[in-house]
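These are the residues of each chain, in order.
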Amino acid sequence: MLLITSIFSACLCLLLSFFSIAMASHNLTLPHQHPDPEAVVQHVQRMVNASLSRRQTLSIQQKDQCLTGNPIDDCWRCDPNWATTNRQRLADCTIGFGQGALGGKGGQIYVVTDSSDHDPANPTPGTLRYAVIQEEPLWIVFTSNMVIKLKHELIINSYKTIDGRGANVYITGNGCLTLQYVSHVIIHNIHIHHCTPSGNTMIASSPTHVGFRGKSDGDGISITGSQKIWIDHCSLSYCTDGLIDAILGSTAITISNSYFSHHDEVMLLGHNDNYQLDTGMQITIAFNHFGEALVQRMPRCRRGYIHVVNNDFTAWEMYAIGGSANPTINSQGNRYTAPPNDNAKEVTKRVDTDEREWTGWNWRTEGDIMVNGAFFVPSGLSLSTQYARASSVEPKSAALIEQLTMNSGVLGGPREGSESVSNPGFSGGGTGGSSTSRSGGDDGDYFGMIFGNGGPPCPPPSSIFLSFLIILILYVSTNHGSLLSLQLLLL
């Protein structure tokens, strides 16, 4: 059995490397990758402008009752019956690249009544773990306030909405939330904090499948090879690795209205600089508040197209937005407030890249507000590389950012985790650029990325499975249109 596992592991390592190269040569695209990302950006702008215009035309009394100018919130919060008869209306309110994420829309309402997590391999009915592994679409709600302390990572199946509205729901403990090769997931109004590594155990991922999981990183939300994902109105802090990581061909994602605090490496988008599939990564980051005690990676991007729009960055210690491997960064209408440290005023950071290389990268700033000496270094053929500085802040523009982000984080509850830790990142955990970070490294360990890094590294190939690999390559080279589907099938 060990021999078979070793052969499979080695083959999978080589296959993933091959398919990454094959994508470049055959110009493959990811499922749900939008052919015109600029059109998505323009649509977001139109929706924001429409919501702000509606608010502007109302009286002061009407404004206080409902409309905020935030197009996501105004889409569902103005319905007085949203909680009783129209809770699933939320699924129609996504904007950006994650628009169309269905979650559990059309499925039954599943009420979580039990906060326990005793047996990840055999979840108890009534628990969150039991709900998220089901095959059918489910809209998951909570009967009351609860703290769910996970025993191991929570593996979420496709077509699920975790909807914490109406309750204060805290998810913490070992592993936290894992979205791996799934689609159409909505996570809304949840506190996620103090997540630690776990694994080397059996965990159920569906009602009929229980599999061995290697060690996880301790991300708050880990997104791997997944599409049509929407994270909205969550509060995230104090995790061991990233608060949200999206890697290995993940795309069509929106992260909105959330509150990030007390952490080092906040958000990683992209597996490593050589992973070609992440060229199709498209992510919208909108209306979030990047709050106290944050250090870096808001986000840190590899490849792909990242739209950062109307967020409030009120703290960082190193930089706000970083990247490598030529990602497109489109920063629009954000407020960047630099720290007192004169050596950390720059919003942007090109990670481990010579200026002669990154000068051609498409990094844009449009309508951004720079406060306390903050500056954004744009690049690209059509842009000047002069620093974009602002000597003053127009009150109207500042008020607009505050209006759009005023409800960021969990609605009706405190934004941060309930526990207090003095330093950014998880106390005693692996933030601060640790080389052991599985998703942050550039070691190309694809097998470890999929099943956890608790197992041994990929063994060198032998003649037996090299022969198998050559046969498979010959087959797919004549059917290259199915390369991506075959890759996903193998995973």
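Since we're looking at a predicted model, the values are computed, not measured. (Residues numbered from 1 in each chain as written. Predicted model: local features only at pLDDT ≥ 70, side-chain atom pairs only at ≥ 80, totals over all residues. Heavy atoms only, no water.)

Trainee: Whenever I open this one, the overall build of the chain confuses me. Can you help?
Mentor: Each helix and strand in the chain was counted, giving 10 helices and 31 strands. Split into buried and exposed, the 491 residues of the chain put 57% on the buried side. Of the contacts formed within the chain by residues at least 6 apart in sequence, a portion of 66% connects residues at least 24 apart. Split by element, the accessible area of the chain, about 19,600 Å² in all, is 53% carbon and sulfur. (Helix = DSSP H or I, 4+ residues; strand = E, 2+ residues; numbered from the N terminus. Buried < 20%, exposed > 50% of the residue type's maximum accessible area, 1.4 Å probe, protein only. Contact = heavy atoms within 4.5 Å. Areas by Shrake-Rupley, 256 points an atom, 1.4 Å probe, with all protein chains shown as cover.)

Trainee: Hey, could you run me through unusual backbone geometry in this one?
Mentor: Residues other than glycine predominantly adopt negative phi, and peptide bonds predominantly adopt the trans conformation. Omega for the bond connecting Met298 with Pro299 falls within 30 degrees of zero, at 5°, which places this linkage in the cis form. Within the secondary structure, Pro299 is located in the loop between strand E22 (294-296) and strand E23 (300-302). Unusually for a residue other than glycine, Phe287 sits at a positive phi of about 65°. Turning to its location among the elements, Phe287 is positioned in the loop between strand E20 (282-286) and strand E21 (289-290).

Trainee: Please explain a nonpolar patch on the surface as it appears in this structure.
Mentor: A cluster of nonpolar residues, Met202, Val210 and Phe212, forms a patch on the protein surface that exposes about 280 Å² of accessible area. Looking at the element boundaries, Val210 is found in strand E11 (residues 209-213). (Patch = residues over 30% accessible without salt bridge, like charges linked within 9 Å, V, L, I, M, F, W, Y side chains within 5 Å. Salt bridge = Lys/Arg side-chain N within 4 Å of Asp/Glu carboxyl O.)

Trainee: What's the story with the sheet that holds strand E9 (residues 191-196) in this structure? I'm lost.
Mentor: Whenever strands of a sheet pair, they do so through backbone hydrogen bonds, lying parallel or antiparallel. The parallel open sheet is built from nine strands, whose spatial order is E3-E6-E9-E14-E17-E21-E25-E28-E31. The open sheet is flanked by strand E3 (146-150) and strand E31 (369-371), the only strands paired with a single partner. (Pairing = 2+ DSSP bridges.)

Trainee: What's the story with the pattern of salt bridges in this structure? I'm lost.
Mentor: Should their charged atoms come close, side chains of opposite charge can pair. Under the defined criterion, the tally for this structure stands at 12 salt bridges. Here Arg89 ties to Asp92 by a salt bridge, and the two come within 3.7 Å at their closest N and O atoms. On the basis of relative accessible area, Arg89 is assigned to the partly exposed category, the value being 31%. The exposure class assigned to Asp92 is partly exposed, which follows from its relative accessible area of 37%. A salt bridge links Asp354 to Arg356; the shortest N-O distance between them is 2.9 Å. When its relative accessible area of 39% is taken as the criterion, Asp354 is described as partly exposed. Residue classification places Arg356 among the exposed positions, given a relative accessible area of 76%. One network of salt bridges, with partners in common, ties together Arg87, Asp163 and Arg165.

Trainee: Got a minute to help me understand the sheet that holds strand E4 (residues 154-155) in this structure?
Mentor: Pairing in this open sheet of eight strands is parallel, and the strands run E4-E7-E12-E15-E19-E23-E26-E29 from one edge to the other. Looking along the sheet, the strands with just one partner apiece sit at the ends: E4 and strand E29 (348-350). As judged from the two bridges shared by strand E19 (residues 267-269) and E23, these two strands associate in the parallel manner. Bridge pairing links Leu268 to Arg300 in E23.

Trainee: I keep staring at the packing of aromatic side chains and nothing clicks. Help me out?
Mentor: Remark: the centre distance and the inter-plane angle together describe each pair of aromatic rings, the angle taken between the planes. Overall, the coordinates contain nine aromatic pairs when judged by the stated rule. Ring centres 4.5 Å apart and planes at 5° place the aromatic pair Phe290 and Phe313 in the stacked group. Pair noted here: Phe290 is in strand E21 and Phe313 is in strand E25 (residues 312-313), with a separation of 23 residues, a long-range link. Each member of the pair, Phe290 as well as Phe313, carries the same accessibility label: buried. Joined through ring pairs, the aromatic side chains of Phe260, Phe290, Phe313, Trp316, Tyr336 and Phe376 make up one cluster. Sitting above the plane of the Trp76 ring, Arg165 keeps its charged end 4.5 Å from the centroid. When the ring centre of Trp358 is taken as origin, the NZ or CZ atom of Arg350, which lies over that ring, is 4.2 Å away. (Phe/Tyr/Trp six-rings, centres within 6.5 Å; stacked < 30°, edge-to-face > 60°. Lys NZ or Arg CZ within 6 Å of the ring centre and 35° of its normal.)

Trainee: Teacher, can you tell me more about the nonpolar core here?
Mentor: Of all hydrophobic cores here, the largest spans 69 residues; its most connected members are Leu128, Phe142, Ile221, Phe260 and Tyr336. Apart from the residues lying within four places of it in its own chain, the contact partners of Leu128 are Val112, Asp114, Ile140, Phe142, Ile148, Leu154, Ile162 and Ile171. With 20 residues, the next largest nonpolar core counts Leu52, Cys93, Ala286 and Leu404 among its residues. (Core = buried A, V, L, I, M, F, W, Y, C linked by side-chain atoms within 4.5 Å.)

Trainee: How should helix H2 (residues 37-57) be read in this particular structure?
Mentor: Along its 21 residues, H2 runs 31 Å from first to last C-alpha, staying within 8% of the 30 Å computed at 1.5 Å per residue. Those residues of H2 that sit buried are Pro37, Val40, Val41, Val44, Val48, Ser51, Leu52 and Arg55. One side of H2 carries all its buried residues, which in axial view fall inside an arc of 105°. More than 90 degrees from the buried face of H2, the exposed residues found are Gln56 and Thr57. (Expected span 1.5 Å × (residues − 1). Arc of directions from axis to C-beta.)

Trainee: Would you take a moment to explain the side chain of Ser198 for this structure?
Mentor: Along the polypeptide, Ser198 turns up in the loop between E9 and strand E10 (201-206). Residue Ser198 is classed as buried on the basis of its relative accessible area, which comes to 8%. Residues in contact with Ser198, not counting those within four places in the same chain, are Lys151, His152, Glu153, Asn174, Gly175, Gly214, Lys215 and Ser216.

Trainee: Would you explain the environment of Gly373 in this entry?
Mentor: Examined against the element boundaries, Gly373 turns out to sit in the loop between E31 and helix H7 (395-405). With near-sequence residues (within four places) excluded, Gly373 lies in contact with Ala338 and Lys345.

Trainee: Teacher, can you tell me more about the state of the cysteines here?
Mentor: One covalent bond between the sulfur atoms of two cysteine residues makes up a disulfide. Summed over the entire model, instances satisfying the criterion amount to two disulfides. In this model Cys75 forms its disulfide with Cys93; the gap between the sulfur atoms is 2.1 Å. Judged by the sign of its S-S torsion, about -75°, the cystine formed by Cys75 and Cys93 is left-handed. With Cys75 in helix H4 (residues 71-76) and Cys93 in the loop between H4 and strand E1 (108-112), the pair connects residues that are 18 residues apart, well separated along the chain. Note that Cys176 is cross-linked by a disulfide to Cys195, the S-S spacing being 2.0 Å. What sets the handedness of the Cys176 and Cys195 disulfide is the S-S torsion sign, and at about -85° it is left-handed. Of this pair, Cys176 sits in the loop between strand E6 (169-174) and strand E7 (177-180) while Cys195 sits in strand E9; the two residues are 19 residues apart in sequence, bridging distant segments of the chain. One exposure class covers both Cys176 and Cys195, and it is buried. (Disulfide = S-S within 2.5 Å.)

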